[in-house]
Amino acid sequence: MLEADVAIVGAGAAGLSLAHRLAGPGSGRRPPSVALVDAPPGPLRPPRRTWCFWEAGPGRFDAAVTASWRSLRVRDRRGRPIQGDIAPLRYKMIRSDDFETLVSRDLADRDAVRRVEGTVDTVEDVPGGALVRLRDRDGNPRAVRARWVFDSRPPGSLPAARTTLLQHFHGWFVRTARPAFAPGTAELMDFRTPQPPEGLSFGYVLPLGRHDALVEYTEFSLRPLTPDAYETAVRHYTGDVLRLGDLEVLSTETGVIPMTDAVMPRRTGQSVFRIGAAGGATRPSTGYTFAGLQRQTRAVAAALREGRRPVPPPAHSARSRAMDAVLLRALAGGRADGPALFCRLFDRVPMRRLLRFLDGDTRLHEDLAVGLHAPVGPMLRSALELPGLPRRPYEGP
């Protein structure tokens, strides 16, 4: 049995971020001992994926940033551009394997960190801490005992909610024959895509050079599409909307992010906590997770250094979650025209302020000012409806 002060289950963005904050640069002279438990190569490990976020100035993980932009653009259904300079913020993109390489390099010579490979069966409280039971790749049982356990694995099912939509997407990393992209500007939402009967869709373009970019098709709706439908949607966007011409698909990525007003439990035992998307780090109205999990892991690391109980804090304020619940209800109920709503916000609210709002970094009067640019009638009806709606188990795919 391996013993440690802290066990981290899952080596994705949340698990690696917490390990880096506990034992990486700046962790102090006596960091806690950490056991980082990761699934063996195979289906339990997620494929390569991309994380995006915005922040001002240099960041802790800048060495892993693939590209960043200070200009963002949104297009309405007719193609009219709404563009803004977000300085001093930068919109940053990190690919998961670059992030893991950076964290692994920084932790390579840290005796406080042990990496354990295995499939976790159970995580349970025991006297004085918690026990992680797992099987190695040969099926042999192993165990890790720790004072505190932080579980970042995706939950087996979503908690009961009044509203749950899915943000699902499929993207191509492309290289074009002609120079087709403006490297200084990221296309955040391009609503020139065919809109689904329920929810909304948009294109998303992160240029990596004049010839290279990540191009995605994204939907907010109740169910994901079939693989063929995703391919058709991206092909239509790259060919008929963007008119990129001849291109090479270098790699692809597909993902599904729950957008829900469910209460995600951050504590599942006396010594067992959830972090990352499993612990509510995803912003329900946008699907962005990376910034929220950084707030959580930063707070957990500070609590452990100060000898406090390391309960992960909510990644988003109660006010932010309440506003998100109203927006999700308005979108799911068909009361709000999603493309028109988002274009109106980006058109009438300075882009930097809107990003701060989406990150929960605005004051009440700023939130109210942003809210006045949303369709008041649909939002008010949705807000009045919410208290009477039961929370039901999620029955989607």
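Owing to the predicted nature of the structure, the values given are computational and were not obtained by experimental measurement.

**Some words on the overall build of the protein**
Working step 1: Counting secondary structure elements, the protein contains 9 helices and 17 strands.
Working step 2: Expected size for 397 residues packed as a compact globule is a radius of gyration near 21 Å; at 22 Å, the protein falls within 12% of this value.
Working step 3: Taking the principal axes of its C-alpha atoms as reference, the protein extends roughly 60 × 55 × 40 Å.
Working step 4: Evaluated residue by residue, the protein yields a buried proportion of 52% over its 397 residues.
Working step 5: Taking all contacts inside the protein whose residues are at least 6 apart in sequence as the whole, residues at least 24 apart take part in 75%.
Working step 6: Accessible surface computed for the protein: about 18,300 Å², of which carbon and sulfur atoms make up 51%.
Working step 7: In the protein, the 57 positive side-chain charges and the 43 negative ones have mean positions that sit 6 Å from each other.

**Examining the packing of aromatic side chains**
Working step 1: Within the structure shown, the criterion is met by 15 aromatic pairs.
Working step 2: Consider the rings of Trp54 and Tyr91, whose centres lie 6.2 Å apart with planes at 20°: the pair is stacked. Of this pair, Trp54 sits in strand β3 (residues 50-56) while Tyr91 sits in strand β7 (residues 89-95), and the two are 37 residues apart along the sequence.
Working step 3: Ring centres 5.4 Å apart and planes at 25° place the aromatic pair Phe150 and Phe273 in the stacked group. Here Phe273 lies in strand β17 (residues 272-274) and Phe150 lies in strand β11 (residues 141-151), a separation of 123 residues in the sequence. This pair shows no difference in class: Phe150 is buried, exactly as Phe273 is.
Working step 4: Aromatic rings pair up to connect Trp51, Phe53, Phe61, Phe99 and Phe290 into one cluster.
Working step 5: Above the face of the Phe173 ring, Arg95 is positioned so that its terminal group lies 3.8 Å from the ring centre.

**A word on the sheet that holds β3**
Working step 1: The antiparallel open sheet is built from 3 strands, whose spatial order is β3-β7-β4. In the strand order of this sheet, the two ends are held by β3 and β4 (65-69), each with one partner. Neighbour to neighbour, the strand axes of the sheet diverge by 25° on average, direction disregarded.

**Here's the deal with empty space enclosed by the protein**
Working step 1: With the rule as written, the count across this model stands at 1 cavity of 30 Å³ or more.
Working step 2: Empty space within the largest cavity amounts to approximately 90 Å³.
Working step 3: Every residue lining the largest cavity is counted, 14 residues in all, and those nearest its centre are Trp54, Tyr288, Ala291, Gly292 and Asp359.
Working step 4: Those elements that provide at least two residues to the lining of the largest cavity are β3 and α4 (290-305).
Working step 5: Here the element with the most residues in the lining of the largest cavity is α4; it accounts for 4 residues.
Working step 6: Of the residues assigned to the lining of the largest cavity, the class counts are 7 nonpolar, 4 polar and 3 charged.

**Details of the pairing of strand β6 (residues 81-85)**
Working step 1: A one-sided burial pattern is seen for β6, the buried positions being Ile82 and Gly84 and the unburied ones Pro81, Gln83 and Asp85.
Working step 2: By the bridge criterion, 5 bridges tie strand β5 (residues 71-75) to β6 in an arrangement that is antiparallel. If you follow Leu72 over to β6, its bridge partner there is Gly84.
Working step 3: Where β5 hands over to β6, the hairpin turn is made up of 5 residues, of which Gly79 adopts a positive phi near 95°.

**What to know about the sheet that holds strand β16 (residues 247-260)**
Working step 1: On the basis of which strands lie adjacent, the open sheet formed by 7 strands has the order β6-β5-β13-β14-β15-β12-β16 and mixed pairing. At either end of the open sheet lies a strand with only one pairing partner, and these are β6 and β16. Averaged over all neighbouring strand pairs, the angle between strand axes comes to 15°, with direction disregarded.
Working step 2: Two elements, strand β14 (residues 200-207) and strand β15 (residues 212-221), share 8 bridges in a ladder whose sense is antiparallel.

**Focus on the packing of helix α5 (residues 318-332) against helix α9 (residues 376-385)**
Working step 1: Orientation of α5 relative to α9, taken along the N-to-C sense of each, is 110°, at an axis distance of 8 Å. One finds that α5 runs roughly perpendicular with respect to α9. Seen from α5, the contacting residues are Val326, Leu327, Arg329 and Ala330; seen from α9, they are Pro378, Met379, Ser382, Ala383 and Glu385.
Working step 2: Taken together, the residues of the contact of α5 with α9 sort by class into 6 nonpolar, 1 polar and 2 charged.

**What to know about the pattern of salt bridges**
Working step 1: Enumeration over the complete set of coordinates arrives at 32 salt bridges.
Working step 2: We note a salt bridge from Arg80 to Asp76, for which the minimum N-O separation is 3.1 Å.
Working step 3: Assessed through its relative accessible area of 36%, Arg80 is described here as partly exposed.
Working step 4: Look at Asp76 and you get buried, because its relative accessible area is 9%.
Working step 5: Asp337 is paired through a salt bridge with Arg77; the nearest N and O atoms lie 2.7 Å apart. Placement of the pair is Asp337 in the loop between α5 and α6 (338-348) and Arg77 in the loop between β5 and β6, with a sequence separation of 260 residues.
Working step 6: Judged by relative accessible area, which is 43%, Arg77 ranks as partly exposed.
Working step 7: A network of salt bridges, in which partner residues are shared, links Asp38, Arg45, Glu117 and Arg137.

Quick notes on the rules
- Residues numbered from 1 in each chain as written.
- Predicted model: local features only at pLDDT ≥ 70, side-chain atom pairs only at ≥ 80, totals over all residues.
- Heavy atoms only, no water.
- Helix = DSSP H or I, 4+ residues; strand = E, 2+ residues; numbered from the N terminus.
- Rg over C-alpha atoms; globule rule 2.2 N^0.38 Å.
- Buried < 20%, exposed > 50% of the residue type's maximum accessible area, 1.4 Å probe, protein only.
- Contact = heavy atoms within 4.5 Å.
- Areas by Shrake-Rupley, 256 points an atom, 1.4 Å probe, with all protein chains shown as cover.
- Lys, Arg positive; Asp, Glu negative; His and termini not counted.
- Charge placed at Lys NZ, Arg CZ, Asp CG, Glu CD.
- Phe/Tyr/Trp six-rings, centres within 6.5 Å; stacked < 30°, edge-to-face > 60°.
- Lys NZ or Arg CZ within 6 Å of the ring centre and 35° of its normal.
- Pairing = 2+ DSSP bridges.
- Axes fitted to C-alpha atoms, helices over the stretch in contact; angles between N-to-C directions.
- 1 Å grid on protein atoms, 1.4 Å probe; cavity = no way out; pocket = protein on both sides within 12 Å on 5 of 7 lines; lining within 4 Å.
- Points joined across faces, edges and corners; volume = space filled by probe spheres on them.
- Nonpolar A, V, L, I, M, F, W, Y, C, P; charged D, E, K, R; others polar.
- Parallel < 35°, antiparallel > 145°, perpendicular 65-115°, else oblique.
- Salt bridge = Lys/Arg side-chain N within 4 Å of Asp/Glu carboxyl O.

Bear in mind that shape data such as this cannot, by itself, settle questions of function.
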